[in-house]
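# Remarks on the overall topology
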Amino acid sequence: MTPRGTRHVLDVDDLSCEELTAILDLAERPPSSLPPVLAGQGVALVFQRPSARTRNAAEMAVVALGGHPVTIGAEEVGIDRRESAEDVARTLACYHAAVCARVAEHQTLARMARALDDAERNVPVVNLLSDLAHPTQALADLLTLRQHLGGLAGATVAYVGDANNVWRSLALACAMSGVRLRTASPEGYGPDPDDLARIGRAGGEVEVGNDPEEAVCGADAIYTDVWTSMGQEDEAELRRAAFAGFTVDERLLGVAPAAVVLHCLPAHRGEEISAGVLEGPRSLVWRQAENRMHAMRGLLAWLFGAADDARGTPGASGPAGPVGT
């Protein structure tokens, strides 16, 4: 199958609310019920940054849809060193049905997408993480919440930590799904006005503050991420000092007795989250990690027209297991 027009997914708001729901529906269908929309086709998976969950999730999603994943490391293409991002995209589009990339700078993805549009190549570009966004993680986050809560509209998520790329895509996804998002960050590490305006355009509003306890009170889920993301290693000590008091630990969970816990991983136990909470009975982190694969499969299936196929009925993508597995 060919993709529905050229639909690049560089962040969640490249989708409509209806399309976002359709992707989650596809993610919950058993793989055997989906048409092999990538049969006989390759998908390029370019990694400028290290990856564990994203690489495995993307490769297995492509395989489940009948395709052949080709994983390409940073040194193999040398984007903007060996050849330009535009030339890399045009070359990969000669062989592959889609180009999925994890990059250091979001603008690299935008340039790749623009190059393919200018060349009139009907090949979508999918963001596997950039410094500004992580849309495939946000899809997995919504899928996990939907499985746990039975629905998304009206739910409340408290995000404790840095308003980074993961936060940005999560905030957009929440806005588009009727989920209330509260954010608690130290001064200087919260959302900027442009972020809040963009979330408003997506139909949502974020409660922003500096008090983790206030943010998590009454929440259905508490989300956190590392204090120091890839590319910020030289800020690690400064950030540890700034984020003191923002650890998701047993004390903070006591303020929200009904909340489950989410973390996109990798985790730094004892910093943004305690080991007891990460491994505890209220943690959905490992289900969330598995859902990276199901969400990626849903996204690729949707991009290549599976939602238009009448075969199969929505259902569990696999045994979810008890909370904390």
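Rules and cut-offs
- Residues numbered from 1 in each chain as written.
- Predicted model: local features only at pLDDT ≥ 70, side-chain atom pairs only at ≥ 80, totals over all residues.
- Heavy atoms only, no water.
- UniProt positions renumbered as here; feature names shortened; annotations may be inferred.
- Core = buried A, V, L, I, M, F, W, Y, C linked by side-chain atoms within 4.5 Å.
- Buried < 20%, exposed > 50% of the residue type's maximum accessible area, 1.4 Å probe, protein only.
- Contact = heavy atoms within 4.5 Å.
- Pairing = 2+ DSSP bridges.
- Helix = DSSP H or I, 4+ residues; strand = E, 2+ residues; numbered from the N terminus.
- Axes fitted to C-alpha atoms, helices over the stretch in contact; angles between N-to-C directions.
- Phe/Tyr/Trp six-rings, centres within 6.5 Å; stacked < 30°, edge-to-face > 60°.
- Parallel < 35°, antiparallel > 145°, perpendicular 65-115°, else oblique.
- Left-handed = near helix turned anticlockwise from the far one by under 90°.
- Nonpolar A, V, L, I, M, F, W, Y, C, P; charged D, E, K, R; others polar.
- Right-handed = clockwise from strand over helix to strand, strands pointing away.
- pLDDT = per-residue confidence, 0-100.

The name an unreviewed UniProt entry assigns to the protein is Ornithine carbamoyltransferase, from the organism Aciditerrimonas ferrireducens. Under the UniProt heading Sequence similarities (unreviewed entry), the note attached to the protein is "Belongs to the aspartate/ornithine carbamoyltransferase superfamily."

## Side note on the nonpolar core
Leu 38, Trp 167, Leu 181, Tyr 223, Met 296, Leu 300 and Leu 303 are the most contacted members of the largest nonpolar core, which totals 63 residues. Excluding residues within four positions of it along the chain, Trp 167 makes contact with Tyr 159, Asp 162, Leu 181, Thr 183, Pro 191, Asp 195, Ile 199 and Val 206.

## Some remarks on the sheet that holds strand S1 (residues 42-47)
Reading across the sheet, the 4 strands line up as S2-S1-S3-S4 and stay open at both edges, with parallel pairing between neighbours. With one partner strand each, in any of the chains shown, strand S2 (68-73) and strand S4 (125-129) form the two edges of the open sheet. Direction aside, neighbouring strands of the sheet carry axes that sit 20 degrees apart on average. As paired strands, S1 and S2 are joined by 6 bridges and run parallel to one another. Considered in S2, the bridge of Phe 47 is made with Gly 73.

## What about the packing of aromatic side chains?
This structure, assessed with the given rule, holds 4 aromatic pairs. Relative to Tyr 223, the ring of Tyr 159 has its centre 5.6 Å away and its plane inclined at 25 degrees; by these criteria the two rings are stacked. Taken together, the positions of Tyr 159 in strand S5 (residues 156-160) and Tyr 223 in strand S8 (residues 221-224) put the pair 64 residues apart, joining distant regions of the chain. Where Trp 227 meets Phe 243, the ring centres are 5.6 Å apart and the plane angle is 15 degrees; that geometry is what we call stacked. Separated by 16 residues along the polypeptide, Trp 227 in the loop between S8 and helix H10 (236-242) and Phe 243 in the loop between H10 and helix H11 (250-253) bring together distant segments of the chain. Of the two residues examined, Trp 227 and Phe 243, each falls in the buried class. Cluster of aromatic residues (ring-pair linked, three or more members): Tyr 189, Trp 227, Phe 243 and Phe 246.

## Side note on the packing of helix H1 (residues 17-27) against helix H6 (residues 135-149)
Look at H1 against H6: their axes get within 10 Å of each other, and the N-to-C directions meet at 70 degrees. With respect to H6, the element H1 is oriented roughly perpendicular. You can see that H1 and H6 cross each other, and the crossing is right-handed. Residues Leu 20, Thr 21, Ile 23, Leu 24, Asp 25 and Ala 27 of H1 pack against Leu 139, Leu 142, Leu 143 and Arg 146 of H6. By residue class, the composition of the contact of H1 with H6 is 7 nonpolar, 1 polar and 2 charged.

## Points about the pairing of S4
Of all the 5 residues making up S4, 5 are buried; the element is thus mostly covered by neighbouring parts of the structure. Pairing of strand S3 (residues 96-102) with S4, which is carried by 4 bridges, proceeds in the parallel orientation. Considered in S4, the bridge of Val 99 is made with Val 125. Crossover connection from S3 via helix H5 (residues 106-118) to parallel S4: handedness right-handed.

## Looking at the confidence of the model for the protein
Per-residue confidence for the protein gives a mean pLDDT of 93; residues scoring 70 or more make up 93%. With pLDDT under 50 throughout, residues 310-325 is counted as low confidence; its partners more than four residues away or in other chains account for 40 contacts.

## Description of the sheet that holds strand S7 (residues 206-209)
Strands sit in the order S7-S6-S5-S8-S9 across an open sheet of 5 strands; the sheet is parallel. Two strands lie at the open edges of the sheet, namely S7 and strand S9 (260-263), each paired on one side alone. Adjacent strand axes in the sheet meet at a mean angle of 20 degrees when their direction is disregarded. With 4 bridges joining them, S5 and S8 adopt parallel strand pairing. Counterpart to Ala 158 in the pairing with S8 is Ile 222. Here helix H13 (residues 285-303) sits on the sheet and contacts S8 and S9; the angle it forms with S9, its principal contact strand, is near 45 degrees.

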